[in-house]
Amino acid sequence: MKSIRNITIIFTFITLICLGVIIFIFYNNGLSTVILGNYTDEELVVYRKIWGDINQNFEVGRRNLFIGSVVTWALMTLMGYLFITLFYFVEIRPISELERHAANIAKGDLDAEIPIRRGTLFSGFTESFDLMREELKDSRKREIEAWKAKKELVADLSHDIKTPVATIQATCEVMDMKLRKKLKDKNEEATEINDTIEKIGSISAKAGTISEIMDNVFQLTMEEQGRVDVNPVEESSEVIEQYLRNLHDFGNIIFENEMPSCLLLFDKLRMEQVIDNVVGNSNKYAGTNIYIRFSDMEEQGNRYVKITIRDKGPGVSPDDLPLLTEKYFRGKGSEGKNGYGIGMYLVKNYMERQCGGLEYYNDNGFVVELLIRKV
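Residues numbered from 1 in each chain as written. Predicted model: local features only at pLDDT ≥ 70, side-chain atom pairs only at ≥ 80, totals over all residues. Heavy atoms only, no water.

Q: Which residues make up the overall build of the protein, and what values do they have?
A: Of the regular secondary structure elements, the protein holds seven helices and seven strands. When the helices and strands of the protein are read in sequence order from the N terminus, they spell out α-α-α-α-β-α-β-β-α-β-β-α-β-β. Burial statistics for the protein: of 375 residues in total, 31% are counted as buried. Long-range pairs, those at least 24 residues apart, make up 68% of the contacts in the protein with a sequence separation of at least 6. About 23,900 Å² of surface is accessible on the protein, with carbon and sulfur atoms providing 57% of the total. (Helix = DSSP H or I, 4+ residues; strand = E, 2+ residues; numbered from the N terminus. Buried < 20%, exposed > 50% of the residue type's maximum accessible area, 1.4 Å probe, protein only. Contact = heavy atoms within 4.5 Å. Areas by Shrake-Rupley, 256 points an atom, 1.4 Å probe, with all protein chains shown as cover.)

Have a look at this one:
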C-alpha cells in the first residue's frame, strides 16, 4: 500500500508539471507586430488588414492547440490513474494479501487458505507458499498426534510400573518384619539374617527411587523432561559415596581411593539417577570391572569433586561420541540392548542443573567424569 501511494504521488506531481508547461507555453507564445521599412498610409492599411487576418488565424490555431493539449493531458492522466489502479488490484493487492497471510502463519494460524490469482507475476510463488502452509499444517497435526501418543504411552508405562513397584515394597516390608522376628528368636542365624535384611533394605530403597521417578514421569512426557524439578542443596559427600558402594547389582565395582569428606551441592534423587545411568551403561555395554576414582579439582574459580567412572570395554564409536548426550540417540553398539536413548541426555541435563558438569571420552574403555560442585 505504501509503495502504490508513493507511485500515485509521483505520477500526480509529474502530470501537474506537464500541465504547467502547457499553460506556460500557451500564454508566452504569440505573434508580435513589427513594421520594418517605410510604407505609405494606403500600404499600412493593407498591411494591418493582412496582419489582422494572420493573427486571428494564429490565435484560433493556438487556442485549438491548447485545448487539444489539455484534453490529451487529461486523457493521459486518466489513463495513468486507471493503469495504477489496475496494477494495484492485479499485482500489488495479492502481495499485500500474501503479507497478511504470512503474518497470520507466523502467529500460528495455518487454517486460512491463500487465494491464488492466475496470470499474475506472483501466482507461482503464491501457490508454493500455500503448499508450504498446508505442509506446515499437516506437520503440526502429526506433531500433536505424536505428542499425545507419547504422553499416553508414558502415562500407561508409569501406571504399569508403579503397580509392581508397590508390590515389591509391600513384599520387602513383610519379609523385613518376618526376618526381624526370627532374629529375636534365633541368635545363631543373626549374621545371615542381617545380610538378608540389608539386601531387602536395598531392594526397598530402589523401589522407592523408581516410585519417585515414575511420579515425575507420570506428570511429563519425554519432550518435557527439561521441566523436571532439580533442587540442589547442601549434602555430605558421604551420601554419594555410600550410594556408590551399595551398587551391588552392576557387576564388580572397584574403588581406587576414598571420597573426600566435604559438603557438596546436589539433588539426592537426581544424583542417584545420574549414577545409576552411568554405572548401568558401563555394566550393560562393557560388562567389565568398573573402576571409580575421586579427586578434587578447580575450574573457573569454582571447586569440585570429580568422580571418574571407567570401564575396560570397547568404548564408544568416535562417530557416536559427539552425539552421545543427544535425546533419543542410540549408538552403533546398542543393537539388541534395551533402552530409549535418553540416559546420557538426562545425565548431562541433571549435572548442569546441579551447578556441576559432565565429561566423557574413550581411554582404554569408556570414561565418564562427573563434576559435583563444592559448597
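Q: Any chance you could break down the sheet that holds strand 6 (residues 357-362) for me, citing the residues and the numbers?
A: Strands in a sheet are paired, the pairing made by backbone hydrogen bonds, and the direction either parallel or antiparallel. Judged by pairing direction, the sheet is mixed, and its five strands sit side by side in the order 2-4-5-7-6 without closing on themselves. At either end of the open sheet lies a strand with only one pairing partner, and these are strand 2 (253-255) and strand 6. The mean angle between the axes of side-by-side strands here comes to 25°, regardless of whether they run parallel or antiparallel. Two elements, strand 6 and strand 7 (residues 366-373), share six bridges in a ladder whose sense is antiparallel. Paired with E359 across the two strands is E369, which belongs to strand 7. Running at roughly 140° to strand 2, helix 5 (residues 237-245) makes contact with strand 2, strand 4 (290-299), strand 5 (302-311) and strand 7 of the sheet. (Pairing = 2+ DSSP bridges. Axes fitted to C-alpha atoms, helices over the stretch in contact; angles between N-to-C directions.)

Q: Residues and numbers for the packing of helix 6 (residues 268-285) against helix 7 (residues 343-353), please.
A: Look at helix 6 against helix 7: their axes get within 9 Å of each other, and the N-to-C directions meet at 145°. As for the relative orientation of helix 6 and helix 7, their crossing is left-handed in sense. Here helix 6 contributes R270, M271, Q273, V274, N277, V278 and N281 to the contact with helix 7, which in turn contributes G343, M344, V347, Y350 and M351. Partitioned by chemical class, the residues of the contact of helix 6 with helix 7 number seven nonpolar, four polar and one charged. (Left-handed = near helix turned anticlockwise from the far one by under 90°. Nonpolar A, V, L, I, M, F, W, Y, C, P; charged D, E, K, R; others polar.)

Q: So, the nonpolar core: which residues are in play, and what are the values?
A: Membership of the largest hydrophobic core comes to 38 residues, with the highest contact counts inside it found for I240, M271, I275, I307 and L370. Contributing elements (two or more residues each) for this core: helix 5, strand 3 (263-266), helix 6, strand 4, strand 5, helix 7, strand 6 and strand 7. Among the elements that make up this core, the one with the highest residue count is helix 7 (six residues). The contacts of M271, once residues within four sequence positions are left out, are I240, F266, M351, Q354, L370 and I372. (Core = buried A, V, L, I, M, F, W, Y, C linked by side-chain atoms within 4.5 Å.)

Q: I'd like to hear about the pattern of salt bridges, residue by residue, with values.
A: Applying the stated criterion to the full structure yields seven salt bridges. Shared partners join several salt bridges into a network, and the residues in it are E241, R245 and E258. (Salt bridge = Lys/Arg side-chain N within 4 Å of Asp/Glu carboxyl O.)

Q: I'd like to hear about the packing of helix 5 against helix 6, residue by residue, with values.
A: At a minimum axis distance of 11 Å, the contact between helix 5 and helix 6 shows a crossing angle of 40°. With respect to the hand of their crossing, helix 5 and helix 6 are arranged in right-handed fashion. Between helix 5, through V239, I240, Y243 and L244, and helix 6, the contact on the second element is made entirely by K268, M271, E272, I275 and D276. Of the residues that constitute the contact of helix 5 with helix 6, the class distribution is six nonpolar, no polar and three charged.

Q: Pulling in residues and values, what's your account of unusual backbone geometry?
A: At C355, a position not held by glycine, the phi torsion is positive, near 65°. For C355, a relative accessible area of 33% gives the class partly exposed. Positive phi outside glycine occurs at N364, with the angle close to 55°. Within the element layout of this structure, N364 appears in the loop between strand 6 and strand 7. Of the residues examined, N364 reaches a relative accessible area of 66% and is grouped as exposed.

Q: Describe the packing of aromatic side chains, naming the residues involved and giving the relevant values.
A: In total, this model carries three aromatic pairs according to the counting rule given. Centroid distance F11 to Y81: 5.3 Å. Interplanar angle 85°. Geometry classified as edge-to-face. Of this pair, F11 sits in helix 1 (residues 2-27) while Y81 sits in helix 2 (residues 41-106), placing them 70 residues apart in sequence. Both rings, one in F255 and one in F294, keep their centres 6.3 Å apart while their planes meet at 20°; by these two values the pair is stacked. One end of the pair, F255, is in strand 2; the other, F294, is in strand 4, with 39 residues separating them in the sequence. A residue is classified by how much of its surface remains accessible, and F255, at 21% relative accessible area, is partly exposed. The class for F294 is buried, based on a relative accessible area of 3%. In this structure, R245 is placed above the aromatic ring of F255, and the distance from its NZ or CZ to the ring centre is 4.1 Å. (Phe/Tyr/Trp six-rings, centres within 6.5 Å; stacked < 30°, edge-to-face > 60°. Lys NZ or Arg CZ within 6 Å of the ring centre and 35° of its normal.)

Q: Give a detailed account of helix 7, specifying residues and quantitative values.
A: Here helix 7 lies mainly inside the structure; eight of its eleven residues are buried. For helix 7, the elements touching its buried residues are helix 6, strand 6 and strand 7. Of the residues flanking the end of helix 7, it is C355, one or two places downstream, whose phi is positive at about 65°.

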